Each structure stands twice: as C-alpha cells, then as structure tokens.
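Examining the three-dimensional arrangement
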Amino acid sequence: MREIGHFIGGKHVAGTSGRTADVFNPATGEVQAKVALASVSEIRAAVENAKEAQPKWAATNPQRRARVFMKFVDLLNQNMDELAEMLSREHGKTVEDSKGDVIRGLEVCEFVIGIPHLSKGEFTEGAGPQIDMYSMRQPVGIGAGITPFNFPGMIPMWMFAPAIACGNAFILKPSERDPSLPIRLAELMIEAGLPAGILNVVNGDKAAVDAILTDPDIGAVSFVGSTPIARYVYGTAAMNGKRAQCFGGAKNHMIIMPDADLDQAVNALMGAGYGSAGERCMAVSVAVPVGEETANRLVEKLVPKIESLRIGPYTDDKADMGPVVTKEAHARINGLIDRGVEEGAKLVVDGRGFKLQGYENGYFVGGTLFDNVTPDMDIYKQEIFGPVLSVVRAHNYEDALSLPMKHEYGNGVAIFTRDGDAARDFASRINIGMIGINVPIPVPLAYHSFGGWKASSFGDLNQHGTDSIKFWTKTKTITARWPSGIKDGAEFVMPVMK
Ligand code: NAD
C-alpha cells in the first residue's frame, strides 16, 4: 500500500507517529493509500526547518522571490494534466473541474509575482522639522495553513503563495482526505528554486492542528474548512497570541427575479448547485424564485436537467459531476435528504439510492431537488455540502432579500435580474461577503480578495488580493530625525505637530 508521508526541509519524510488514515478512491470506495498523521514532534521538526531557512529567504530581494513564482507558474502549466489527475483520484471530482481548482491557485501565484510592488512601504518626507516617517512591511516569520478537502490545490496555494512571497516560511497541514497534490506542489516549488525549509507539508489531523496552534514559533495561521473548526482554530490561535484568519461553511442563495432570463438562471443553478457534487463553499444550495409563476417555471425547467445529469468517476471525461468524498459524507447527505422529507419539504428529484454500474461501492449521490423548503427546516439551516438544491419560494423581492440576510452564513449570494435598480439595491443592502449579479459563483479573482461574513469567516483580513499581503506581514513604522544644526531642550509634553 502506498504511504504518503510529509515534506519537510525540502525532502520526503516518512511518518513516525505510528498513526495513519486511509485515503480512498471515492468512485470505488477502495483504499488507495495511507497517509501519515503527524505528532507534535513532526510539526516541531517542520518548524525547526522553517526557522533555520526563513531569515535568509526574508533577506532575498523581492524580485528574486517573485522569480520563483514565475517558474512555479510555468511548472504548474507544464504539469497540469498530471496534477489534475492526481487531485481527481483522491477527491473524486472530474479532471476538468480539478484543472479549475489548480488554475484558481495558479492565478494567486501569478498575482504574487507583483510582490516587489505589493510589499512596498510608505514614506512621508518632512512629517515634522527634519523628520521623515516611513513604514515597512516585514514577514511574520513562520506562517501555517490548514486546508479543507474540497480544493486541495487552490486553497493551499491561496495561502502559501502570498505568505512565501512576503518572505515567510510556511507549514501546510492539508486535508487528510486528498494529501497527494499538496506534496507535489511543494516538490514543484523546490524545482522552481525555492530554498529547502521554506515550504513544509505536514499531514495530520486534530493532533497536528493543535500542535500548530500552540507552537510558539508560528506567528500566523490561515484556516479554511467547516465553521465549528474555523471557530475553534480562530479562538485557539488568538489565545496563543497568533494572528488568524479562518474561513468556514456556507449556505449560498441565488435569487431569481421575475424579469430574469430564466434559461440563463437555470443553467447557472445547474453548474453552481451540482458542479463538484455541490462540494464547494461557493456552491449555490438555495434557489429563491420571486413569485409563484417564476417558481413554477423554474422548477419545471430544472427537473429534466437534474434528471439527466451525467454522474461518473473522474475517468469519465463526459461526467458533469463525480461522487462525494467519503462514505461518511455520503451517509450524512442521504440522512439530510431523509430529514427534508420528514420535515415536509417536497422531494421533486431524489438522488438517494443512485448506483453506477461497475462502481456500486462508490460514494455517489444523484442530483436532488427539494421544493417548498421553509427557513425553519434543518435542510435550509444546515450546510449539506452535496448535490442537493432547495427551492424556497418568496412572495416578493423584500421576502427574498430577507432570507440570506437572516441566515447564519454569509459567504456568497447571487441575484439574477435584468433590473439594474434591484441589483444595485441588493448589492448595497445584503450582509454577505461575495455577491454575484447574474453570476452564480462570484469567487473574486486573485487581485481582489475572497472572504465571507457572519459565520463564514472569523478574522479581519481576507484571502488573496492586497489583504493577503497585509495578513502575512507586520507593519513597522519609523520616525527619523536628522537634526543637523537644531539644538532644542528636553520636551516633557506629548509631541504634537504645531
Ligand atoms: P473540516 O473542517 O472537516 O476540515 C478542515 C481542516 O481542519 C482539515 O485540514 C482537517 O484535518 C482539520 N480538522 C478537522 N477536524 C478538526 C478538529 N476537530 N480540530 C482541528 N482540526 C480539524 O472541513 P472539510 O470537510 O475538509 O471541508 C469542507 C468545509 O470547508 C465545508 O464546510 C466548506 O464550506 C468549507 N470551505 C470553506 C471555504 C471558504 O472559503 N469559506 C472554502 C472551502 C471549503
């Protein structure tokens, strides 16, 4: 059986804790590898390597640091097919979708090639008599990233690219479900010219996360995953004196106004609701048609499309979506569909019991549609994270707007309309971080920043964009005076500019 260890100090290192987890092929249910689960001492070994390498890397001029990312981007492009295949094999999503995962990470690596410009400080000449004031951004030292299973390429790169470009060393603790790609990315970073010890990948579970959160040498922690763990990581990191940004779960609504182009809205819902089997934090899981007529027409158009979804293993290049990630996820999603039925929602398309010939032990869930869902139901309140779309019918625009406004989560939301006034009002009033206007998955590009509101995010600074440069650096402000010829006495009052 293949054993996946760690990548520490520029080398593959076997696990020593004696604990491992199974890595499955979600399409067949077979165990395809074992991944090592790190102990405190293995995290410590990564930190020691990072500590030794970081000062020299921080002293490397930013243009040289940028060049590593130029080369890395080339390597990602050259190896795209292999990387996407590696990702799909453990995650289960289609290879084309996995390419999207890698490309969305690659784009952040392209963004940080601008690090010489992005990390420049500020300067004020003559802030006072013979006084200049300037600020500089210095790396936090050692940063850590804890990432979820659903984007094993994109999210690690969202974290390590800005952190490393800013002059930090980095410890990545990827999801134990699909650990191969993050290690491969670390190998490619070395090939691109990154010194050993700057990017370390340590596999593990809660024990590894806790070791990161309490390690005195780690200065900042970035987390993406479910909300309960995001809340825990944020609190524990803060209590241990670390800077933290933690991104959690979601329940993204898409509002369909009566004047929307319905075919466009239906296609958007299909891709955003069922792409990647609904395992995206920006997936649309709630459709809110405004008015009975819009709702009836929407459901009528959705049903045949959901029933004809092509579901298959990642090796089927015509598949629209693959299996969900684990047996537990499969059972949880099916359980929530049962719950929706008990709660009285109308199950229009039932994905339970979906079986694919030749893949009977795979974790497949068929596309599922509920109608007449109401806000008090568990299937509305909880993040299902599977191919299940709920229709909540709204009487008017204000009713529709109030649904995402009152929901616990605040990651993404979309409105489909031809009415510019409605779209503008919506974007201005909604209490959610990322908004799509006739765009179902409004994931901002690398040079803007990504982050939700409410229970979808803990901390102040977002992923990528200029926020990421702020997150991975500390500001130092210098007030300098060169008083040639000035002889003044001691000042005992607070200095102010007169
Ligand atoms: P998860 O919370 O189970 O795991 C995330 C990470 O936390 C993993 O590395 C895991 O090993 C670690 N972890 C798990 N349990 C832990 C514990 N008890 N203590 C400490 N660490 C622990 O999430 P997942 O199932 O891998 O990913 C899916 C979730 O991630 C969904 O809720 C999804 O919405 C969310 N997500 C959010 C975003 C975002 O940007 N907001 C992006 C992608 C995914």
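For the rest of this paragraph, the subject is empty space enclosed by the protein. One pass over the full model with this rule turns up three cavities of 30 Å³ or more. If you add up the space inside the largest cavity, you get close to 100 Å³. If you go around the largest cavity, you meet 15 residues; those closest to its centre are G278, A283, S285, E383 and F385. Its residues assigned to classes, the lining of the largest cavity shows seven nonpolar, five polar and three charged.

Right, let's get into the pairing of strand β4 (residues 20-25). On β4, burial follows the alternation: A21, V23 and N25 on one face are buried, whereas T20, D22 and F24 on the facing-out side are not. Sheet topology places β4 next to strand β5 (residues 30-36); six bridges connect them, and they run antiparallel. Bridged to T20 within β5 is A36.

Next up on the list: the sheet that holds strand β23 (residues 473-481). Strand order across the open sheet formed by three strands is β6-β7-β23, with antiparallel pairing between neighbours. Two strands in the sheet have a free side with no partner beyond their single neighbour: β6 (122-128) and β23. Across the sheet, the mean angle separating the axes of adjacent strands is 20° when strand polarity is ignored. By the bridge criterion, four bridges tie β6 to strand β7 (residues 131-139) in an arrangement that is antiparallel. Within β7, the residue paired with F123 across the bridge is Y134.

Bringing the site of the ligand into the picture now. In the vicinity of the ligand, 25 residues are found, and the nearest of them are K173, E176, S226, G248 and E383. Protein burial of the ligand: of its 850 Å² of free accessible surface, 86% is covered by the chains. Of all the cavities here, the one that holds the ligand is the largest pocket. Secondary-structure elements contributing two or more residues to the shell around the ligand are α8 (206-214) and β11 (220-224). Class assignment for the residues of the shell around the ligand results in 13 nonpolar, eight polar and four charged. Two domains each donate at least three residues to the shell around the ligand, and these are domain 1 (2-248 + 456-478) and domain 2 (252-437).

Below, the discussion takes up the pattern of salt bridges. Applying the stated rule across the entire model yields 30 salt bridges. D101 serves as the salt-bridge partner of K93, at 2.8 Å between the closest nitrogen and oxygen. What makes K93 buried here is its relative accessible area of 2%. R310 is paired through a salt bridge with D316; the nearest N and O atoms lie 3.0 Å apart. The buried category is assigned to D316, whose relative accessible area is 17%. Residues joined by salt bridges that share partners form a network here, namely R44, E48, K51, D215 and D217.

What counts, and at which threshold
- Residues numbered from 1 in each chain as written.
- Predicted model: local features only at pLDDT ≥ 70, side-chain atom pairs only at ≥ 80, totals over all residues.
- Heavy atoms only, no water.
- 1 Å grid on protein atoms, 1.4 Å probe; cavity = no way out; pocket = protein on both sides within 12 Å on 5 of 7 lines; lining within 4 Å.
- Points joined across faces, edges and corners; volume = space filled by probe spheres on them.
- Nonpolar A, V, L, I, M, F, W, Y, C, P; charged D, E, K, R; others polar.
- Buried < 20%, exposed > 50% of the residue type's maximum accessible area, 1.4 Å probe, protein only.
- Helix = DSSP H or I, 4+ residues; strand = E, 2+ residues; numbered from the N terminus.
- Pairing = 2+ DSSP bridges.
- Axes fitted to C-alpha atoms, helices over the stretch in contact; angles between N-to-C directions.
- Near = heavy atom within 4 Å.
- Areas by Shrake-Rupley, 256 points an atom, 1.4 Å probe, with all protein chains shown as cover.
- Sits in = over half its atoms within 2 Å of the grid points.
- Domains from an automatic or database assignment.
- Salt bridge = Lys/Arg side-chain N within 4 Å of Asp/Glu carboxyl O.

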